[in-house]
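Inside the fold
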Amino acid sequence: MYTQDAFQAQRSQLVELLVSGSLEGFESVLDWLLSWEVLSWEDYEGLNLLGQPVSHLARRLLDTVWNKGAWGCELLTAAVQETQADRQPPELPGCWEPHSPHPARDLQSHRPAIVRRLYGHVEGVLDLTQARGFISQYECDEIRRPIFTSSQRARRLLDLATVKANGLAAFLLQCVQELPVPLALPFEDAACKRYLSKLRTMVSAQSRFLSTYDGTENLCLEEIYTENVLEIRTEAGMAGPLQQSPATLGLEELFSTRGHLNEDADTVLVVGEAGSGKSTLLQQLHLLWASGRAFQEFTFVFPFSCRQLQRLAKPLSVWTLLFEHCCWPDLGQQDVFQVLLDHPERILLTFDGFDEFRFRFTDRDRHCCPTAPTSVQSLLFNLLQGNLLKNARKVLTSRPDAVSASLRKHVRTELNLKGFSEEGIELYLRKRHREPGVADRLICWLRATLALHSLCHLPVFSWMVSKCHQELLLQGGGSPRTTTDMYLLILQHFLLHASPPDPAARGLGAGPLRGSLLTLLRLGRLALWGLGTCCYVFSPKQLQAAHVDSEEVSLGFLVRAKTVVPGSTAPLEFLHITFQCFFAAFYLALSADTPPSSLRHLFNCHGPGCSPLAGVLSKLRIGGSGCKEGSVAALLQGAEPHNLQITAAFLAGLLSQECRGLLAECQVSEKALLWRQACTRRCLARSLRKHFRSIPPAVPGEAKSVHAMPSFIWLIRSLYEMQEERLVREAVRRLDVGHLKLTFCSVGPAECAALAFVLRHLRQPVALQLDHNSVGDMGVEQLLPCLGVCKALYLRDNNVSDRGICKLTEHALRCEQLQKLALFNNKLTDGCAHSMAKLLACKQNFLALRLGNNHITAAGAEVLAQGLRANASLQFLGLWGNKVGDRGAQALAEALGDHQSLRWLSLVGNNIGSVGAQALALMLEKNMALEELCLEENHVQDEGVCYLAKGLEKNSSLKVLK
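To start, this report covers the structure provided alongside it.

Criteria and cut-off values
Residues numbered from 1 in each chain as written. Predicted model: local features only at pLDDT ≥ 70, side-chain atom pairs only at ≥ 80, totals over all residues. Heavy atoms only, no water. Helix = DSSP H or I, 4+ residues; strand = E, 2+ residues; numbered from the N terminus. Buried < 20%, exposed > 50% of the residue type's maximum accessible area, 1.4 Å probe, protein only. Contact = heavy atoms within 4.5 Å. Areas by Shrake-Rupley, 256 points an atom, 1.4 Å probe, with all protein chains shown as cover. Pairing = 2+ DSSP bridges. Axes fitted to C-alpha atoms, helices over the stretch in contact; angles between N-to-C directions. Phe/Tyr/Trp six-rings, centres within 6.5 Å; stacked < 30°, edge-to-face > 60°. Lys NZ or Arg CZ within 6 Å of the ring centre and 35° of its normal. Right-handed = clockwise from strand over helix to strand, strands pointing away. Salt bridge = Lys/Arg side-chain N within 4 Å of Asp/Glu carboxyl O. Expected span 1.5 Å × (residues − 1). Arc of directions from axis to C-beta.

Things to note about the overall build of the protein chain
Helix and strand counts for the protein chain stand at 47 helices and 21 strands. In the protein chain, which comprises 962 residues, the proportion classed as buried is 57%. Counting contacts in the protein chain only where the partners sit at least 6 residues apart, residues at least 24 apart contribute 79% of the total. For the protein chain, the exposed surface amounts to about 39900 Å²; the carbon and sulfur share of it is 52%.

Some points on the sheet that holds strand E5 (residues 267-271)
The sheet built from seven strands is open, its strands ordered E4-E3-E9-E5-E8-E7-E6 with mixed pairing. Each edge of the sheet is formed by a strand with only one pairing partner; in this case those strands are strand E4 (248-249) and strand E6 (300-305). Looking at chain direction, E5 and strand E9 (residues 411-417) are connected through five bridges and run parallel. By the bridge assignment, Val-270 is partnered in E9 with Leu-415. Seen against the sheet, helix H19 (residues 376-385) touches E5, strand E7 (347-352) and strand E8 (393-398) and runs at an angle of roughly 125° to E7.

A closer look at the packing of aromatic side chains
Under the criterion given, the structure shown has 38 aromatic pairs. For the pair Phe-134 and Phe-171, a centre-to-centre distance of 4.8 Å together with 25° between the ring planes defines the contact as stacked. Of this pair, Phe-134 sits in the loop between helix H9 (122-131) and helix H10 (137-143) while Phe-171 sits in helix H12 (residues 168-178), and the two are 37 residues apart along the sequence. Here Phe-134 falls in the buried class, since its relative accessible area comes to 16%. Of the residues examined, Phe-171 reaches a relative accessible area of 8% and is grouped as buried. For the cation-ring pair, Arg-200 lies above Trp-289, with the distance from its terminal atom to the ring centre recorded as 4.3 Å. Looking at Arg-850, its charged tip hangs above the ring of Trp-904, at a distance of 5.0 Å from the centre.

Considering the pairing of strand E14 (residues 766-769)
Side-chain alternation along E14 places Val-766 and Leu-768 on one buried face and Ala-767 and Gln-769 on a second face that is also buried. In this sheet, E14 lies alongside strand E13 (residues 739-741) in parallel orientation, the contact comprising three bridges. Following the sheet pairing, Lys-741 is matched in E14 by Gln-769. As a crossover connection, the stretch from E13 through helix H40 (residues 749-759) into E14 is right-handed. In terms of strand pairing, E14 meets strand E15 (residues 790-794) through four bridges, oriented parallel. The residue of E15 that forms the bridge with Ala-767 is Ala-792.

Side note on the pattern of salt bridges
One pass over the full model with this rule turns up 38 salt bridges. Among the ionic pairs, Glu-552 bridges to Arg-522, the shortest N-O distance being 2.6 Å. One end of the pair, Glu-552, is in helix H30 (residues 550-553); the other, Arg-522, is in helix H28 (residues 517-532), with 30 residues separating them in the sequence. You can call Glu-552 buried: its relative accessible area is 1%.

Details of the environment of Ala-639
Looking at where Ala-639 falls in the secondary structure, it is placed in the loop between helix H34 (632-638) and helix H35 (641-654). Ala-639 sits 281 residues away from Arg-358 along the chain, and the two C-alpha atoms are 9.5 Å apart.

Section: helix H47 (residues 941-953)
In a regular helix each residue adds 1.5 Å, so 13 residues correspond to 18 Å; H47 covers 19 Å between its end C-alpha atoms and thus fits that length. The complete set of buried residues in H47 reads Gly-944, Leu-948 and Gly-951. Seen along its axis, H47 keeps its buried residues to an arc of 55°; they face one direction. H47 presents Asp-942, Lys-950 and Glu-953 as exposed residues on the side facing more than 90 degrees away from its buried surface. Residues of H47 that are buried make contact with helix H46 (914-926).

Remarks on the pairing of E8
Burial of E8 is extensive: six of the six residues sit out of reach of the surface. Because side chains alternate across E8, one face comprises the buried residues Arg-393, Val-395 and Thr-397, and the other comprises Lys-394, Leu-396 and Ser-398, equally buried. Where E5 lies against E8, five bridges are found, and the strand directions are parallel. The residue bridging Val-271 from the neighbouring strand is Ser-398, located in E8. Across four bridges, the pairing between E7 and E8 is parallel. Note that in E8 the partner of Leu-348 across the bridge is Arg-393. You can see the chain leave E7, run along H19 and come back into E8, and the turn it takes is right-handed.

Keep in mind these values describe shape, not function.
Now the structure itself:
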């Protein structure tokens, strides 16, 4: 027997089922409930409110049905099952009573079958009812609103028949009886099946080969694809005592029910840094769908590129977008389009590279008609909001800086693409190099080269290492250290493969650069013009205007783009957006047309951390600054901030002392290079000082705290690329900050290397907070050089394991200033306990150790207890969310009985029972320093509480017991 209690227990699952499909599915459930008389007409009217979020209506429906009793709850579950199974409704009786006394009731009792029968004929029935005078022109127009599907129009016509007493219900009964019986679902229609076959073939052909980074060879995606780390974005401030690390998903879990920010939205947002593998992830999604291996809940998948869409100048509609700019139906265009409009929940739209879309997102302009043309930006923005094709799923990829708060309001789930794990790097290299021993040698060399290994968590760098493996393994000098070094190496690789190599040449010399300088400058000018005009795809006419001919194209830096218009000539684009930025920086560094004064525009770019007024004034100054249109200064002022930041970092690297010598050998004016270097140095130092001067003064009696913005990371990266110790010392000389906060700033191992390079020159100790980033073990190792100036290090949610922490604690023993470590929500096990115990025993000024939400058991707690016995300084110990159990609690309690400094101890959620509580009670009898003890979410029970009560009788220090 189905009970109301069982119904209530399933409430969350029922809500998820009711909102997971579409409004069409929810209304189908209402059809069944009306036909079974579970809902009255008044109930139905309260649940059929246009514009209300489906999640609100679903909860209201559950409340309404629960009040009906167990029979109503059981029938609602049956209605959901009928709708989820997409079953054909029972057919109508063979004949109607000619003069039914209750036609409206008959329409209601057979409502699911009648809606099905009207599907595909509703337009003709509307015309007929209007012609007979049963409905007015206004009522007909209301039913025909573009936002309604055919099924929804049928329902609204039936609703009208229920409330009108002019014979409309009896007329509809007669009309429905005369309509043909639908033989199959619309997807089985010949035109629809033919279109679907063509769409799958086209998507498969576009996604089968990987061409994201290289146009000189065809890589089969199935053979090379390597999973990236994909995490659900967590909201800051949501933490309870046991908040876990962000959930990691596989690609096939992209539409998981976890981590919903807005249940009524349809868009999944995937954010990741340039080169993190966003385009390749979408390409793998398309291939899995086209081959029938995954994502089969979607009947239609339409892939789009934002950099291609922004080239469309003419107004377009949903029809134009799907058919003319993706896949054209060879027959039955109108029928296919109607199926798409009627079943949006079976559609998936993907939009790659929103950060390369020159229009900023706005939700001010509404456009709701799928057949009316509008601008490309209006069409895209209204698709993302759900004003067009509501309930169709969309996947949008972007760099983080391009995602505004207004866009996030319309996002269902946000995912962070964090690049390769260490295992992912090795797996990718093994897939790329299947020759015996090659991958092993390359991986072994990479592990020994920390700086380069840290860069490889971004797939674009792993590809470069794979591409240049011979140069890397054979070179006799040092390996690349910076991003600029790596791009110079790949530049050498392409140039040497385009011309006969010199057997005597070893390493990156000036020969290849000098011989191809004019070609590289032409490519650089094209790249800079593209950045300044937000153009990333170049037509033959634009290439001709930039004097880029087939010889330059043959070098391999420009590859053919996937065209938006099938059948048209494919334009060209740079291998990757970072290559376009590199060539722009190369042009700025070596071109005689670059006045040093124009470089200040490169280092004054306004990122997301700047005030809106600063960004507006920057744009206004373009017209009033005297910059000639098309000049270097004008192009720099017109470029997107995130692209300017990448370009600035490359320029700093090219003008470093090491690279400047190389560039000087290319017969470039030494004086001009020195001027540009001096200008870059001044701009970097000034920008960093300006960044810190904007920070409010500290509260009296407290250390100055800085919550640095992503633009700070860019400045640090630029200083690191320049590799000048004197410049860094000058930049941070007057920096007075006690706490540097860099949470949610996409800090990976490469950024850690840059931070350490700069922060080690601080004169005052600093607390460094790097929570919610992607530091990992390699990043921890990169931070070691600056550990001596850190008084505290916070590494929450950073995917750090025992290996990284063991190296950290070994180095920390020699760092007098370091007094606090916060390492919760990582991957620590008992394997790091010996290192932690040694740290506690040897550092008698250590104050706080927080190891919550890791994987430490009783064995690890016993080892930690040994270190605590020898420690006399620790004040805060956090072990919440581990598995120390009674045995671990006993060991810790015995070690802390005589401890004179510990003030706060958290053992929340550690499976501690009454035995562990008894040991802690004995500790309380002896310890006269502890002020707060946290024991929530354990199994202490009444017996354990009694032990604790006895312990408290002899304790005079404890203030808080949880």
